[in-house]
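Inside the fold
Residues per chain are reported as follows:
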Amino acid sequence: MTSRTPESRRERATAAAAQLAEIVHGEGREHAFSYLTLTDIRDILADPESEAETALTAATQRFDELCKTRNFSEFYVYIADWEQRVAANKRFKELVNELRSTLHDS
């Protein structure tokens, strides 16, 4: 069972946001807004100057704003090989769900 303390949630959310940012960055400049927002979320969470609860609240707000944008909700990883594409998009959705559930503590 995973710990649900603010500190552990912050750590897991930081890792998920960083991985998502890398994936989005790899898909090109047309996804710059999503990439920059994900790196902003990562940086908010990783800021050693802020309390875990404060960082989680700020990151949750940014994530929720990002999820409302069409270009993020319709994002997918394009790989020519169908099986690799399916696997990559499955992983992307898992990371999005991990970030969402960790930020919302659900």
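All of the points below concern the structure found in this document. (Residues numbered from 1 in each chain as written. Predicted model: local features only at pLDDT ≥ 70, side-chain atom pairs only at ≥ 80, totals over all residues. Heavy atoms only, no water.)

**Description of the overall build of the chain**
Helices and strands together make up the secondary structure of the chain, namely five helices and zero strands. Ordered by position from N to C terminus, the α and β elements of the chain give α-α-α-α-α. Its C-alpha atoms give the chain a radius of gyration of 14 Å, within 12% of the compact-globule value 13 Å for 106 residues. Taking the principal axes of the C-alpha coordinates as reference, the chain spans close to 45 × 30 × 20 Å. Contacts in the chain between residues far apart in sequence, at least 24 positions, make up 69% of those at least 6 positions apart. (Helix = DSSP H or I, 4+ residues; strand = E, 2+ residues; numbered from the N terminus. Rg over C-alpha atoms; globule rule 2.2 N^0.38 Å. Contact = heavy atoms within 4.5 Å.)

**A short note on unusual backbone geometry**
Located in the positive-phi region is Asp-105, a residue other than glycine, with phi close to 50°. Relative to the elements of secondary structure, Asp-105 occurs in the segment after α5 (82-103). Classification of Asp-105 by relative accessible area gives partly exposed; the value is 33%. (Buried < 20%, exposed > 50% of the residue type's maximum accessible area, 1.4 Å probe, protein only.)

**Notes on the nonpolar core**
Counting 23 residues, the largest nonpolar core has Leu-20, Leu-38, Ile-41, Leu-45, Phe-92, Leu-99 and Leu-103 as the members making the most contacts within it. In terms of residue count, the dominant contributor to this core is helix α1 (residues 6-26) (six residues). Once residues within four sequence positions are removed from consideration, Ile-41 is found in contact with Ala-17, Ala-59, Arg-62 and Phe-63. (Core = buried A, V, L, I, M, F, W, Y, C linked by side-chain atoms within 4.5 Å.)

**Examining the packing of aromatic side chains**
Tallied over the full model, the rule gives two aromatic pairs. Note on Phe-75 and Phe-92: the rings are 4.7 Å apart at their centroids and 40° apart in plane angle, and the pair reads as tilted. Highlighted residues: Phe-75 in the loop between α4 (70-73) and α5 and Phe-92 in helix α5, separated in sequence by 17 residues. Among the aromatic side chains, those forming a connected cluster through ring pairs are Phe-72, Phe-75 and Phe-92. (Phe/Tyr/Trp six-rings, centres within 6.5 Å; stacked < 30°, edge-to-face > 60°.)

**Concerning the packing of helix α3 (residues 52-68) against α5**
Contact geometry for α3 and α5: axes closest at 10 Å, N-to-C directions at 135°. With respect to α5, the axis of α3 lies oblique. For the crossing formed where α3 meets α5, the hand is left-handed. Here Leu-56, Ala-59, Thr-60, Phe-63 and Cys-67 of α3 lie close against α5, whose contacting residues are Val-96, Leu-99, Arg-100 and Leu-103. (Axes fitted to C-alpha atoms, helices over the stretch in contact; angles between N-to-C directions. Parallel < 35°, antiparallel > 145°, perpendicular 65-115°, else oblique. Left-handed = near helix turned anticlockwise from the far one by under 90°.)

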